[in-house]
Amino acid sequence: MGVYLGPNKYDILDDHGNQLHDIIDLGWGIFGWVNKFAVIPVFNFLDSFNWNYGIIILILTILLKLVLSPITYKTYLSGAKMRVLKPEISEINEKYKDDAMKKQQSMMALYKQTGVNPLSGCVPMLIQMPILFAMFRFFPASIELRQESFLWADDLSTYDSIYDFPAGFSIPFYGDHVSLFTLLMAVSIMFYTKLNSQMSMGAATEGPMAGQMKIMMYLMPVMMLFFFNSYSSGLSYYYFLANIISIGQTFLIRKLFINEDAIRAKIEVNKKKPRSKKKSGFQKRLEEMAKQKGMQPPKR
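None of these values were measured; they are calculated from a predicted model.

Asks: When you look at the packing of helix 2 (residues 30–47) against helix 3 (residues 53–67) in this model, what are you seeing that I'm missing?
Replies: Two measures define how a pair of helices packs: the angle their axes make with one another and the distance between the axes. Look at helix 2 against helix 3: their axes get within 10 Å of each other, and the N-to-C directions meet at 135 degrees. The pairing of helix 2 with helix 3 is recorded here as oblique in orientation. Every pair of crossing elements has a handedness; the one defined by helix 2 and helix 3 is right-handed. Two secondary-structure elements touch here, helix 2 through Val39, Val42, Phe43, Leu46 and Asp47 and helix 3 through Tyr53, Ile56, Ile59, Leu60 and Leu63. Split into classes, the residues belonging to the contact of helix 2 with helix 3 amount to 9 nonpolar, no polar and 1 charged.

Asks: Looking at this model, I keep getting lost on the packing of helix 3 against helix 10 (residues 233–256). Mind explaining?
Replies: Remark: helix 3 packs on helix 10, axes separated minimally by 10 Å, with the N-to-C direction vectors making an angle of 40 degrees. Looking at the two axes, helix 3 sits oblique to helix 10. Judged by the sense of rotation from one axis to the other, the crossing of helix 3 with helix 10 is right-handed. The residues of helix 10 that touch helix 3, namely those facing Gly54, Ile57, Leu58, Thr61, Ile62, Leu64 and Lys65, are Gly234, Tyr237, Tyr238, Leu241, Ala242, Ile245, Ser246 and Gln249. By residue class, the composition of the contact of helix 3 with helix 10 is 9 nonpolar, 5 polar and 1 charged.

Asks: What is the right way to read the confidence of the model for the protein from this model?
Replies: Regions with low pLDDT should not have their predicted coordinates read in detail. For the protein, the mean per-residue pLDDT works out to 78, and 79% of the residues sit at or above 70. Between the elements of the protein, mean pLDDT differs from a low of 61, seen in helix 12 (residues 281–292), to a high of 91, seen in helix 3.

Asks: When you look at helix 5 (residues 86–95) in this model, what are you seeing that I'm missing?
Replies: Note on helix geometry: an α-helix contains 3.6 residues per turn, so any two residues three or four positions apart are oriented the same way. Within helix 5, the full set of buried residues consists of Glu88, Ile89, Ile92 and Asn93. Along the axis of helix 5, the buried positions cluster into a sector of 135 degrees, meaning they face one direction only. Opposite the buried face of helix 5, by more than 90 degrees, sit the exposed residues Pro87, Glu91, Glu94 and Lys95.

Conventions and cut-offs
Residues numbered from 1 in each chain as written. Predicted model: local features only at pLDDT ≥ 70, side-chain atom pairs only at ≥ 80, totals over all residues. Heavy atoms only, no water. Axes fitted to C-alpha atoms, helices over the stretch in contact; angles between N-to-C directions. Helix = DSSP H or I, 4+ residues; strand = E, 2+ residues; numbered from the N terminus. Parallel < 35°, antiparallel > 145°, perpendicular 65-115°, else oblique. Left-handed = near helix turned anticlockwise from the far one by under 90°. Contact = heavy atoms within 4.5 Å. Nonpolar A, V, L, I, M, F, W, Y, C, P; charged D, E, K, R; others polar. pLDDT = per-residue confidence, 0-100. Buried < 20%, exposed > 50% of the residue type's maximum accessible area, 1.4 Å probe, protein only. Arc of directions from axis to C-beta.

Take a look at the structure:
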């Protein structure tokens, strides 16, 4: 029988063989692959410079955001197109507020005529999800963060309590302490969500959906506050940095790279083009949903 007595560090366990590296839960499927082949190598490279781990997490976050910047740009571009179409969308909503089928037909016709796909902003967000969940697994599993301090956090591998409640007192699902990095992360989520809702003023901001989006804007930070309060402060710090950088990217892209006048001009050109007989994938999906609900698809 062989016995391993040493740190739960992925590289060391992997070198020993016998699948010892499976001891570390890096996530299943694509989340584990992102950690093994992207996050861990970059983290180890930055660690070789012997910097403070708070600085390493900062640089790692910046690098990830730079790699994802083309995807981020696509998402903001889609939001800008929907924002430019908002007057037409509002007009359709008002005109057919009592006829859901007519409203759907008019929306589909508008999207096809202008060459705008309202779902195009969702795909880039889905592409970023593996990295988001990979980091959720990476930081709690990183033995490098054990007993490593940064700013007010004494140990980046556990929560950074700035205030402990009196003995015996605990808030259900929250805990008996206040984690400052988690608090900062929750505030940054609220600002980032609010900024996104202002920039993506499309069909989803009309009618009942507007109220639901406002509820989610305030509910999500509260949920994250409760969920992450007892998690690794390194993880909360990473998400806080990611949100701050995303807010900065939003202003930068909108100021330097998104020209709404040019987008409007292109949409007007698309309106004048003859309509194609071929149905788009988006239109086919909407028509299929209409059929399943027992409604007739829009006539061409």
